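# Results of the structural survey
Next come the chains, spelled out residue by residue.
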Amino acid sequence: MKITFAEQADAEIAVFVIDEGGKLPESAKALDEASGGLLTEALEQERFTGKSGQQTYAVLPKSASARRAVLIGGGKPKDRDARAQEKIGALLAKSQGGSGYKSLALHVDDAEFAARAAIGAELASYRFDEYFTKQKPEDKPSLEAFTVVCPDEGAAKAAWAPLDAAAAGTRLARDLMNQPPNILFPAAFADRIKELEKHGLEVEILGEKEMEKLGMGSLLGVGQGSVKESKLGIMKWMGGAKDDAPVALVGKGVCFDTGGISLKPGPSMEDMRGDMGGAAAVTGAMLALAKRKAKANVVGLVGLVENMPDGNAIRPGDILTSASGQTIEVQNTDAEGRLVLADVLWYAQKHFKPKSIVDLATLTGAIVISLGHHHAGLFTDNDAMAEGLTKAGLAEGERVWRLPLGSEYDSLLKSKFADMRNIGGRAAGSITAAQFLKRFVNEGQEWAHLDIAGVAWVDGEKSPLDPSWASGFGPRLLDRWIADNYEG
Ligand code: BES
Ligand code: MN
Ligand code: ZN
């Protein structure tokens, strides 16, 4: 679906936003008159009040400039925040996408509203259908052109440019997550990253040999039961000042998590195709930054592995030596994400001396119990990072909620045989996982961890912007956080 902005446009579907309890806007008057008052009549039907998201429509006479008029409730103007504006675009894309019509023009009165409605429509029209071979034309969307009509076209386009880039990041993250694990294994993920060079990112991929040389025994341990080679993907966007230390984004990329020898139960194991959600978020964010030519230096690092049970897989009881030199007793091979991140965090610090690091990972089932599907867990000792990430999340509708760290939780990682064990026991599972990561972050290094296991895909009530299995959580949040904190 192509999104455009204009000061005037004709389309088969003309959409007008009605304030709660309000009347037809000025922009609808001409069409109302040309149709002999059919829009005014629609306004009085179907108990329409203009409540946010409510819709009613009129079929228009052949002589009118549009075939159908849609009236959509805009709620009370004072409540119409970015989320409400996005929802209007999303609901329209959903309700009119398969209408049989090809073009729609949504009339709004301000530029910010125009851009927000556009990203709502853009994300709601996402589809992942490449594996359906029997779709008929009528199963596919008809809507091809979504035009937002707004008095200040230039301002609308300017507001849209960064959102357009961010939406491309979300779409890429969804595409990566929705792909099945037989198609998107570590090397295939690395190939997708390599393709981003055409957007101006510098990409480097390390294989097992290189990682062995670096001593990355923790990450390699997770991948050793898989026939698929483990990879480390490194993406650089250097849009900032030449000698400015970069921000590092680190992602867990477990392309499939069976649990390994500590095998997961069967039901819903297929969801573990999404256990690379952190890596997908980082990759999507890097694309967004490149697309809008962000004035910041940012490196994205993703640890790509597959966690399988096998004769050569790691066992509970094995002791791994991480690149940092610290040893880890593996008590549960299903607590593998932290083993991957331990070595990627080390690499990020050693090679890039980053100003700050944010890691994202579908790390624990416990975070789903704590926060459900509407906030990611945020862990950091740095109040400024906590505030910045919280604000960025609220601004873009990818919310995070801070949970504590503390030495009492760290003690739960004590091992009889090694520097630490990879699980902390039943209590506070998301916090002990974060404490584990913290052991691989240098003293004084600014760092935050986002546990996205509850938000990377959403069971139950989903946002209208989120039509497929994968939500694509992350790129919008990260892109906004970098724009607001590192491009001043
Ligand atoms: N990938 C899972 C976490 C997960 C669970 C993500 C549910 C999304 C939905 C992770 O690797 C894992 O298995 N974690 C274990 C840790 C435990 C063994 C300490 C868990 O949460 O059960
Ligand atoms: Mn696991
Ligand atoms: Zn996992």
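Residues numbered from 1 in each chain as written. Chains lettered and ligands numbered in written order. Predicted model: local features only at pLDDT ≥ 70, side-chain atom pairs only at ≥ 80, totals over all residues. Heavy atoms only, no water.

Here we take up the coordination of the zinc ion (ligand 3). Looking at the zinc ion (ligand 3), one finds its protein donor set to be Lys 252 (NZ), Asp 257 (OD), Asp 275 (OD) and Glu 336 (OE), positioned 2.0 to 2.4 Å from the metal centre. Considering all six donor atoms around the zinc ion (ligand 3), angles at the metal cover 78 to 174° and the coordination shape is octahedral. Written as a sequence motif, the donor residues of the zinc ion (ligand 3) are K-x4-D-x17-D-x60-E. If you look at the zinc ion (ligand 3) and the manganese ion (ligand 2), they sit 3.1 Å from each other and are both ligated by Asp 257. Taken together, the residues Asp 257 in strand β9 (residues 247-257) and Glu 336 in the loop between β12 (327-329) and α10 (337-352) connect sequence positions 79 residues apart. (Donors = N, O, S within 2.8 Å, 3.2 Å for Na, K, Ca; no water. Tetrahedral: all angles 85-135°; square planar, octahedral: opposite > 155°, others 65-115°. Helix = DSSP H or I, 4+ residues; strand = E, 2+ residues; numbered from the N terminus.)

Moving on, we get to the site of ligand 1. Taken together, 16 residues are adjacent to ligand 1, and Lys 264, Asp 275, Asp 334, Glu 336 and Gly 365 come closest. Between ligand 1 and Lys 252, the relevant distance is 3.2 Å, taken from an oxygen atom to a side-chain nitrogen or oxygen of the residue. Between ligand 1 and Gly 365 there is a distance of 2.7 Å, counted from an oxygen atom to a backbone nitrogen or oxygen. The fraction of the free accessible surface of ligand 1 (520 Å²) that becomes covered by protein chains is 77%. Considering only residue class, the shell around ligand 1 consists of five nonpolar, four polar and seven charged. (Near = heavy atom within 4 Å. Polar contact = N/O pair within 3.5 Å; in protein donor to acceptor, adjacent residues only side chain to side chain. Areas by Shrake-Rupley, 256 points an atom, 1.4 Å probe, with all protein chains shown as cover. Nonpolar A, V, L, I, M, F, W, Y, C, P; charged D, E, K, R; others polar.)

Parsing the protein into structural domains produces domain 1 (2-152) and domain 2 (164-486). Domain 1 and domain 2 are separated by 38 Å when their C-alpha centres are compared. Residue-level contacts link 16 residues of domain 1 with 19 residues of domain 2. Taking both partners together, domain 1 and domain 2 bury about 1,600 Å²; carbon and sulfur atoms supply 57% of that area. Looking at the side of domain 1 facing domain 2, the largest losses of area belong to Leu 123, Tyr 126 and Phe 128, adding up to 43% of the total buried there. Across the contact surface, domain 1 and domain 2 share three salt bridges. The partner of Glu 86 in a salt bridge is Arg 476, and the shortest N-O contact between them spans 2.8 Å. Our enumeration of links across domain 1 and domain 2 arrives at 10 residue pairs in polar contact (both at pLDDT 80 or more). Within the residue set of the side of domain 1 that touches domain 2, elements represented by two or more residues are α3 (82-97) and α4 (111-124). (Domains from an automatic or database assignment. Contact = heavy atoms within 4.5 Å. Buried area = accessible area lost by both parts, 1.4 Å probe. Salt bridge = Lys/Arg side-chain N within 4 Å of Asp/Glu carboxyl O.)

What follows deals with the coordination of the manganese ion (ligand 2). For the manganese ion (ligand 2), the full set of protein donor atoms is Asp 257 (OD), Asp 334 (O), Asp 334 (OD) and Glu 336 (OE), at a range of 2.0 to 2.2 Å. Counting along the primary sequence, the residues that act as donors to the manganese ion (ligand 2) give the motif D-x76-D-x1-E. On the basis of relative accessible area, Asp 334 is assigned to the partly exposed category, the value being 22%. (Buried < 20%, exposed > 50% of the residue type's maximum accessible area, 1.4 Å probe, protein only.)

The contact between α4 and helix α5 (residues 153-178) brings their axes to 8 Å, and the two run at 20°. Classified by the angle between their axes, α4 and α5 sit roughly parallel to one another. Handedness of the crossing formed by α4 with α5: right-handed. Taken together, the residues of α5 that come into contact with α4 (itself represented by Ala 111, Glu 112, Ala 114, Ala 115, Arg 116, Ala 118, Ile 119, Glu 122 and Leu 123) are Ala 155, Ala 156, Ala 159, Trp 160, Leu 163, Ala 167, Thr 170, Arg 171 and Arg 174. When the residues that make up the contact of α4 with α5 are grouped by side-chain class, the tally is 12 nonpolar, one polar and five charged. (Axes fitted to C-alpha atoms, helices over the stretch in contact; angles between N-to-C directions. Parallel < 35°, antiparallel > 145°, perpendicular 65-115°, else oblique. Left-handed = near helix turned anticlockwise from the far one by under 90°.)

Further remarks concern the pairing of strand β4 (residues 68-75). Of all eight residues in β4, eight are buried; the element is thus mostly enclosed. Of the two faces of β4, the one holding Arg 68, Val 70, Ile 72 and Gly 74 and the one holding Ala 69, Leu 71, Gly 73 and Gly 75 are both buried throughout. Note: strand β2 (residues 13-19) against β4, seven bridges, orientation parallel. Bridging across to β4, Phe 16 finds its partner in Leu 71. In this structure, strand β3 (residues 55-59) lies alongside β4, joined through five bridges in antiparallel fashion. Bridging across to β4, Thr 56 finds its partner in Leu 71. (Pairing = 2+ DSSP bridges.)

Further remarks concern the packing of helix α9 (residues 277-291) against helix α15 (residues 475-486). Interaxial distance between α9 and α15 falls to 8 Å at its minimum, and their mutual angle equals 50°. What the angle tells us is that α9 and α15 run oblique. Relative to α15, α9 is oriented so that their crossing is right-handed. Note on element contacts: α15 touches α9 through Pro 475, Leu 478, Asp 479 and Ile 482, opposite Ala 281, Gly 284, Ala 285, Ala 288 and Leu 289. Classifying every residue of the contact of α9 with α15 by side-chain character gives seven nonpolar, one polar and one charged.

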